[in-house]
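Coordinate analysis (summary)
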Amino acid sequence: MHLSLTEAQTLVQKTARDFAARAIAPKAADIDKHGKIPVEIIKGLGEVGLLAVNVPAGLGGSEAGVVSYALAMQEVAKACASTAVTMAVTNMVGEVIAKFGTDAQKTYACPKLASAEWLAGAFALSETGAGSDPGAMRTTAKKDGDAFVLDGEKMWITSGPYAGVFVVWARTGDPATHKGTRGISCFLVEAGTPGLRVGKSEDKMGLRGSSTSSLSFENCRVPESALLGEWNGGFKIAMMALDGGRIGISSQAIGIARAALEESIVYAKDRKAFDHAIGDFQAVQWKLADMKRDIDAAHLLSMRAAWLKENGKPFSREASMAKLFASEMCNRVVNHGVQIHGGYGYTREFAAERHLRDARVTTIYEGTSEVQRIVIARNVLGPS
Ligand SMILES: Cc1cc2nc3c(=O)[nH]c(=O)nc-3n(C[C@H](O)[C@H](O)[C@H](O)COP(=O)(O)OP(=O)(O)OC[C@H]3O[C@@H](n4cnc5c(N)ncnc54)[C@H](O)[C@@H]3O)c2cc1C
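Note that the coordinates shown come from a computational prediction; the quantities given were computed from them, not determined experimentally.

What counts as what
Counting starts from 1 at the beginning of each chain's written sequence and moves along it residue by residue. Per-residue local features of the predicted model are confined to residues with pLDDT of at least 70, and side-chain atom pairs are confined, for both listing and counting, to 80 or more; whole-chain, interface and lining totals are unaffected and use all residues. Strands are runs of DSSP state E lasting at least two residues, helices are runs of H or I lasting at least four, and both sets are numbered from the N terminus onward. Any residue surrounded by 20 or more other C-beta atoms within 10 Å of its C-beta is treated as buried, while 12 or fewer makes it exposed and the intermediate range makes it partly exposed; C-beta atoms here are placed from the backbone. Note on contacts: each residue gets a C-beta atom placed from the backbone, and two residues are in contact if those atoms are within 7 Å. Segmentation of the chain into domains, including their bounds, is taken from an automatic or database domain assignment. Each residue receives a C-beta atom placed from its backbone. It is near a molecule or strand if this atom lies within 6 Å of it. Among buried residues, those of type Ala, Val, Leu, Ile, Met, Phe, Trp, Tyr and Cys that are joined through C-beta atoms within 7 Å form a set called a nonpolar core.

1. Some points on the environment of M1
Within the secondary structure layout, M1 lies in the segment before helix 1 (7-24). Judged by C-beta crowding, with 12 C-beta atoms within 10 Å, M1 ranks as exposed. For M1 and W307, which are 306 residues apart along the polypeptide, the C-alpha to C-alpha distance reads 6.5 Å. Residues contacting M1, with those up to four places away along its chain left out, are R304 and W307.

2. Quick notes on unusual backbone geometry
Not every positive phi belongs to a glycine, and S159 is a case in point at roughly 70°. Within the element layout of this structure, S159 appears in the loop between strand 3 (147-158) and strand 4 (165-171). The phi dihedral of F274 falls on the positive side, at around 50°, and the residue is not glycine. Mapped onto the elements of the fold, F274 is located in the loop between strand 9 (272-273) and strand 10 (276-277). Under the C-beta neighbour-count criterion, F274 is labelled exposed, with 7 such atoms within 10 Å.

3. Overview of the domain arrangement of the protein chain
Partitioning the protein chain into domains gives domain 1 (7-119), domain 2 (123-232) and domain 3 (236-381). On the domain 3 side, the residues contacting the 21 residues of domain 1 number 23 residues. Within the residue set of the side of domain 1 that touches domain 3, elements represented by two or more residues are helix 2 (28-34), helix 4 (65-79) and helix 5 (81-100). Among the elements that take part in the side of domain 1 that touches domain 3, helix 4 stands out by supplying 10 residues, more than any other.

4. Topic: the site of the ligand
Lining the immediate environment of the ligand, one finds 21 residues, of which G131, S132, T158, T368 and E370 sit closest. Counting only elements with at least two residues in the shell around the ligand, the list comes to strand 1 (121-124), strand 3 and helix 11 (369-381). Here the element with the most residues in the shell around the ligand is strand 3; it accounts for 3 residues. Counting only domains with at least three residues in the shell around the ligand, you end up with domain 2 (123-232) and domain 3 (236-381).

5. So, the nonpolar core
Counting residues in each nonpolar core, the largest one holds 117 residues, and the members touching the most others are V76, F187 and A257. Apart from the residues within four sequence positions on either side, A257 is in contact with I295, M329, C330, V333 and V334.

Structure below.
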């Protein structure tokens, strides 16, 4: 793993940084306040190649690799965490289709995701009773002639209301023999398919610009060609996608934390108390020092996981370590950020409180901190 970036990676990072500073950051407070990401931001992400960063160019993607993707995610998350999660899930869905889809699925769906012709892709795994334990899912898909019929409910689906396509997991095995994570298949379901209904958006603490909704499938018929990957082989696809997704969320957490640190530095130099800038006080300096140290440590863990994935090496444990450390780091850093801003940090006048709300979910989605520790511990302990 090289610590310096290639020219191509630097270019993606700069493209994302410039776009985020120009088109996203000035609107971030409004996105949070009004709970909506302007369509032109999503279209703009497509135009600068950030919606399918690790998807082959032949399918409309940027083919810029995982390190570039992680760097771009940091830049977008630094400007607006809601936009970043929307971007992350679309990238994840594009990668899943590019990796496991048939030629027809890839050539149909990937260009639409990359260009934002479909405003987003959605990843529909979780259910009310199946979050950390996706093997408990109850949504079913049954074969009926030359179609599959989906029935059930999904929960917490990022971009549900504006996604053009849903990657949906459902039970397909014989209930007597295929329990838990066995007997699950994966399907591509287009928005507007009869029988698919998108529920209302959740009223969330943070990431308020990103819509998170339930989905219901009632006698929802999709053609045989909607099966993604192997029959009863869907769980493996979900786990592989989540491993990659964790690199995205570690990057999101780093981006949020970087915003909190930069704003705290500005404030610490400007705000006076006892005839001094508060940055003159060691108590504040130590917070800033810890924030910077932790962000850099998370960045290195995240870059290592991204490099391993990009180079085709095992990366599941490293992705979990990066996600676990970065998300918990982010929560500490944004908390320091609010503290440094004093009473103003508790108001909407500064972004510090938005960062605190946005950061909170990073230890929850794409596998909670507890689940990441399970993944890491199983890996270090080896088979029992
Ligand atoms: C804003 C947001 C967006 C999301 N987007 C998506 C999406 O696009 N697609 C999607 O499929 N899902 C999505 N999710 C769902 C998310 O992945 C789940 O919320 C998460 O996996 C946790 O599942 P749960 O909420 O059911 O919590 P539970 O699984 O019920 O966990 C509750 C608590 O118990 C702990 N726990 C559970 N099992 C264990 C164990 N074995 N050992 C120790 N502790 C344990 C958990 O760590 C947690 O602290 C999203 C969630 C949120 C909040």
